[in-house]
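Inside the fold
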Amino acid sequence: MAHLSLRNVGKTYAGGTQAAVSGIDIEIADGEFIVLVGPSGCGKSTLLRMVAGLETTTEGEIHIGERLVNKLDPAERDIAMVFQNYALYPHMTVRDNMAYGLKNRGESKTTIAERVAEASRMLELGPYLDRKPRALSGGQRQRVAMGRAIVRQPAAFLFDEPLSNLDAKLRVSMRMEIRKLQKRLGTTSLYVTHDQLEAMTLADRLVVLNEGRVEQIGAPLEIYRKPASTFVASFIGAPAMSLLDARISDGAISLEGHALARVGNASGPVTLGLRAEDLRIAPQGIPLAVEHVEELGAQRIVHGTIGAQNIAVIEVGEAAIQDNVHVAVDPDKLHLFDTSTGRRLEVQSQPHQEMAL
Amino acid sequence: MTETTIRTAASNRALLSRLRAWYNADTSNPVKRVQFDRPLTPWVFLLPQLAVIVIFFYWPSVQAVTSSFYIEDPFGFGSTFVGTENYTDAVTSSQYASTAVFTVFFCAMVTALSLGIGLLLAVKADKVIRGASSYKTVLISVYAIAPPVAGLVGMMLFDMHIGPLTDLAAFFGHDLRVGIDYGDTAFALVVISVWKQIPYNFIFFLSGLQSVPTSVREAALIDAQSGLRRFWDVTLPLLAPTAFFLLVINITYAMFDTFPIIDVVVKDKPANNPITLVYKVYLDGFKGNDIGGSSAQSVILMVAVAALTVMQFRFLERRVHYG
Ligand SMILES: Nc1ncnc2c1ncn2[C@@H]1O[C@H](COP(=O)(O)OP(=O)(O)OP(=O)(O)O)[C@@H](O)[C@H]1O
Ligand SMILES: [Mg+2]
């Protein structure tokens, strides 16, 4: 077990004109669970594979524990990786799959047997130890891949979308299992996913990547509550935060001509972020033309437009929803972003009075 | 009298209706029923293939077996049944024994070398990233050369007067005399045959290598530092089905398809040159006009090949992983 540090890490693929990832600075504490999240092609896998040693690092330094590992082979880095398609050795039994790495590191037969037994007990793989991977279900293969990582007792676990080939229900239970296991073993982990729900539930800290750069690092709730940019705001949280063009004038935010709240920010155009769960349908407020309603059982998501701008509202009531309703906003729950850069603007509070309720 | 007629007619009709029922019957297996509405239809489709097999394989085989029990008059005027005399003659002749020994040696060398070198080249080509396609094309293009042409090219390389390989051997102090010296000829035969077969093995090994999933290789990269270990423990077992297939193909090649190469190299050479059993069948049958003896030899070959194939499938295929 060890801490992990990435210092100004970057990667330009051979023949590529543009860096796939660049300027990544992350310090990961011993035992921390870090989730890398971002849209497809943002460089999550590239970064993870650089830590694993499967891709060369063209810029910066990667340290695992006290060791600079940039030039080390994957097998020397003391890491274990779980792949999206499990990457089990098809010609080896489950037992051999787990034991293979240990054998190559010259562990004694008894140590190997002990560790495999321990891992298979933890993951309930006992009945399958002598089977080949092709005779296992997807979930069981996933557990074998986990077992193969665990038996190595590595300095760090690396996961590249390990759950995305499983069905929704299994994904949820495996997610919890991974989290419990990691807590119990206390192994530093780096986990890649593009599923923001998975990211939120697993992470001690989230790293949101966008086009090869870090957009924001922080605890899940911190990122949820204070997204650093419109990109993060629209990526974290479901349904996505509605981002609307608004104006600040005379110390008040107005949206499509409706005054929302008093703020002390400078006048001018601004991007207003509203989370669906912070809005509610009320007798008075901003008029909303309802377009369609998603029925989720516990709640409904009402999609509509204010002026010409799309917005989503979560509604928990049972009543039928009219075509034209009003929504109310809690002025404490507004998010403001710079229209040109997309960066977050802190709301400068004024002695406020609710204007739209 | 009439009773029997009636009975015959009745039984005829019963037989006919049974036949018709059989022809129209639904097959019991629903999967098959979906594909063919009548049980006879698949046979109609199979007919051309069966005809080819019967005409070009079973018929000649039966001919060979039959004529192996006769001694044919050299001018084709008649033949005498001699039982197994052809077989005992063939097996007890010392020439047959030495040819058999050479054939085994030749097959082993050609198979081992062409598989080994093909695999080595494929592994190297698999690692090449830049210029990979031209590299592959160069290696594969040899495959387009017909065996007799390969034999001719080989003969030129080994020619006693102008052959560069002869010069090379001379440089190392060896007087290479292909077509005259038994050992030298054997060497040339093996080299030419291996050279001709490498591209074939190369293509299959390369595609086999490329079908090993990248992530499995990467997992191995994390599990084992030594490249040789990884190759031995992970890549090779996953290549085993390809290798097994190639083993069968290569043995067959070494035994039968090298015929044109041997023909080009040893034809019209007076000396005692090494030949394979297949070439001896041809020599005895068509040059020596001993049809019976040559048939007997070919039947022995047939049995040997059948036994070899069964053995390969029984013992080897079981240890091969099909993943
Ligand atoms: N071998 C490669 N050669 C050149 N460019 C590559 C290579 N692998 C990835 N890239 C590029 O690097 C960028 C990041 O790719 P990466 O695989 O890290 O994305 P990702 O975030 O893992 O996406 P996903 O969620 O779809 O897996 C992409 O623009 C991709 O096109
Ligand atoms: Mg990826």
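1. What to know about the overall build of chain B
Across its full length, chain B holds 14 helices and 2 strands. Roughly 19,300 Å² of accessible area belongs to chain B as shown, and the carbon and sulfur atoms make up 69% of that amount.

2. Focus: the overall build of chain A
Each helix and strand counted, chain A has 8 helices and 21 strands in total. Projecting the C-alpha coordinates of chain A onto the three principal axes gives extents of approximately 75 × 45 × 35 Å. A fraction of 65% describes how many contacts in chain A between residues 6 or more apart in sequence connect residues 24 or more apart. Taking the average place of the 39 positive charges on the side chains of chain A and the average place of its 43 negative ones, the gap between the two points comes to 8 Å.

3. So, the site of ligand 1
Residues and elements named next belong to chain A. Around ligand 1, the neighbouring residues are Tyr13, Ala20, Ser40, Gly41, Cys42, Gly43, Lys44, Ser45, Thr46 and Glu161. The contact in question runs from a nitrogen atom of ligand 1 to an N or O atom on the side chain of Tyr13, over 3.2 Å. Burial of ligand 1 by the protein amounts to 55% of the accessible area it has alone, namely 630 Å². Per-class residue counts for the shell around ligand 1 are 3 nonpolar, 5 polar and 2 charged.

4. Points about the domain arrangement of chain B
Often, the extent of an interface is quoted as the loss of accessible area on bringing the components together. All names here are of chain B. We note that the domain assignment places domain 1 (2–81) and domain 2 (89–319) within chain B. Across the contact, 8 residues belong to domain 1 and 8 residues belong to domain 2. In this structure, the connection of domain 1 to domain 2 is made through 0 salt bridges. Where domain 1 packs against domain 2, one counts 1 residue pair in polar contact (both at pLDDT 80 or more).

5. Examining the interface of chain A and chain B
Facing the 22 residues of chain A at the interface are 19 residues of chain B. Regarding the contact of chain A and chain B, the summed buried area is about 1,800 Å², with carbon and sulfur atoms giving 60% of it. By the criterion of area lost to chain B, the three top residues of chain A are Tyr89, His91 and Tyr100 of chain A, representing 29% of everything that side buries. One can count 2 salt bridges joining chain A with chain B. Across the salt bridge formed by Asp223 of chain B and Arg152 of chain A, the nearest N and O atoms sit 2.6 Å from each other. Summed over the shared surface of chain A and chain B, the result is 12 residue pairs in polar contact (both at pLDDT 80 or more). Broken down by secondary-structure element, the contributors of at least two residues to the side of chain A that touches chain B are strand 6 (79–82) and helix 2 (94–104) of chain A.

6. Considerations on the packing of aromatic side chains
All names here are of chain B. Enumeration over the complete set of coordinates arrives at 21 aromatic pairs over all chains. With a centroid separation of 5.0 Å and an interplanar angle of 45°, the aromatic rings of Tyr200 and Phe204 are classed as tilted. Of this pair, Tyr200 and Phe204 both sit in helix 9 (residues 182–210), separated by 4 residues, roughly a single helical turn. Here Phe204 falls in the partly exposed class, since its relative accessible area comes to 29%.

7. So, the sheet that holds strand 20 (residues 335–337) of chain A
Residues and elements named next belong to chain A. In spatial order, the strands read 13-12-11-14-20-21; together these 6 strands make up an open sheet with antiparallel pairing. Edge positions in the sheet fall to strand 13 (258–262) and strand 21 (344–345), since each has one partner strand and no second. With 4 bridges joining them, strand 12 (residues 252–255) and strand 13 adopt antiparallel strand pairing. When the bridges of strand 13 are listed, Ile253 appears paired with Ala261.

8. Let's talk about the side chain of Asn97 of chain A
Residue and element names in this part refer to chain A. Examined against the element boundaries, Asn97 turns out to sit in helix 2. Looking at Asn97, the relative accessible area reads 0%, which means it is buried. At a separation of 2.7 Å, a polar atom in the side chain of Asn97 contacts the main-chain amide nitrogen of Tyr89. One polar contact links the side chain of Asn97 to the main-chain carbonyl oxygen of Met92, over a distance of 3.1 Å. Discounting chain neighbours no more than four positions away, the residues touching Asn97 are Leu88, Tyr89, Met92, Pro133, Val144 and Arg148.

9. Side note on helix 5 (residues 168–185) of chain A
All names here are of chain A. Relative to the 26 Å expected for 18 residues at 1.5 Å per residue, helix 5 spans 26 Å between its end C-alpha atoms, a close match to the ideal helical length. Taken as a whole, helix 5 has its buried residues at Met174, Arg175, Ile178, Arg179, Leu181 and Gln182. For helix 5, the angular spread of the buried residues around the axis is 165°, confining them to a single face. Away from the buried face of helix 5 by more than 90 degrees, exposed residues Lys169, Met176, Lys180, Lys183 and Arg184 are located. Against the buried residues of helix 5 lie strand 3 (33–37), helix 3 (109–122), helix 4 (138–151), strand 7 (156–160), strand 8 (188–193) and helix 6 (196–202). Capping the start of helix 5 is the job of one residue whose side-chain oxygen sits 3.1 Å from the backbone nitrogen of Lys169: Asp167. Among the residues trailing helix 5, Gly186 stands out with phi positive, at a value near 65°.

10. Quick notes on unusual backbone geometry
All names here are of chain A. The omega torsion across Ala238 and Pro239 is -5°, close enough to zero to call that bond cis. With respect to the helices and strands, the residue Pro239 is situated in the loop between helix 8 (230–235) and strand 11 (242–249). A positive phi is found at Glu124, a non-glycine position, where the angle reads about 55°. Relative to the assigned elements, Glu124 resides in the loop between helix 3 and helix 4. Unlike most non-glycine residues, Asp250 shows phi in positive territory, near 55°. By the secondary structure assignment, Asp250 is in the loop between strand 11 and strand 12.

11. Some remarks on the packing of helix 11 (residues 227–257) of chain B against helix 14 (residues 291–316) of chain B
All names here are of chain B. Relative to each other, helix 11 and helix 14 sit at 165°, their axes nearing to 11 Å. When the axes of helix 11 and helix 14 are compared, the pair comes out roughly antiparallel. The element helix 11 and its partner helix 14 pack so that their crossing is right-handed. Residue-level inspection shows Phe244, Leu247, Val248, Ile251, Met255 and Phe256 of helix 11 in contact with helix 14, the latter providing Leu301, Val305, Leu308, Gln312, Phe313 and Leu316. For the contact of helix 11 with helix 14, the per-class residue count stands at 11 nonpolar, 1 polar and no charged.

12. Considering helix 12 (residues 259–266) of chain B
Residues and elements named next belong to chain B. Those residues of helix 12 that sit buried are Ile261, Ile262, Asp263, Val265 and Val266. For helix 12, the elements touching its buried residues are helix 7 (147–157), helix 9, helix 11 and helix 13 (277–287). Following helix 12 by one or two positions, Asp268 adopts a phi angle in the positive range, close to 60°.

13. A short note on the packing of helix 13 of chain B against helix 14 of chain B
Residue and element names in this part refer to chain B. Where helix 13 contacts helix 14, the two axes come as close as 8 Å, and the packing angle between them is 165°. Between helix 13 and helix 14, the interaxial angle falls into the category roughly antiparallel. For the pair helix 13 and helix 14, the crossing hand works out as left-handed. Together, Leu277, Val278, Lys280, Val281, Asp284 and Gly285 of helix 13 and Ile291, Ser294, Gln297, Ser298 and Leu301 of helix 14 make up the contact between the two elements. For the contact of helix 13 with helix 14, the per-class residue count stands at 5 nonpolar, 4 polar and 2 charged.

Reading guide: rules and limits
- Residues numbered from 1 in each chain as written.
- Chains lettered and ligands numbered in written order.
- Predicted model: local features only at pLDDT ≥ 70, side-chain atom pairs only at ≥ 80, totals over all residues.
- Heavy atoms only, no water.
- Helix = DSSP H or I, 4+ residues; strand = E, 2+ residues; numbered from the N terminus.
- Areas by Shrake-Rupley, 256 points an atom, 1.4 Å probe, with all protein chains shown as cover.
- Contact = heavy atoms within 4.5 Å.
- Lys, Arg positive; Asp, Glu negative; His and termini not counted.
- Charge placed at Lys NZ, Arg CZ, Asp CG, Glu CD.
- Near = heavy atom within 4 Å.
- Polar contact = N/O pair within 3.5 Å; in protein donor to acceptor, adjacent residues only side chain to side chain.
- Nonpolar A, V, L, I, M, F, W, Y, C, P; charged D, E, K, R; others polar.
- Domains from an automatic or database assignment.
- Salt bridge = Lys/Arg side-chain N within 4 Å of Asp/Glu carboxyl O.
- Buried area = accessible area lost by both parts, 1.4 Å probe.
- Phe/Tyr/Trp six-rings, centres within 6.5 Å; stacked < 30°, edge-to-face > 60°.
- Buried < 20%, exposed > 50% of the residue type's maximum accessible area, 1.4 Å probe, protein only.
- Pairing = 2+ DSSP bridges.
- Expected span 1.5 Å × (residues − 1).
- Arc of directions from axis to C-beta.
- Axes fitted to C-alpha atoms, helices over the stretch in contact; angles between N-to-C directions.
- Parallel < 35°, antiparallel > 145°, perpendicular 65-115°, else oblique.
- Left-handed = near helix turned anticlockwise from the far one by under 90°.

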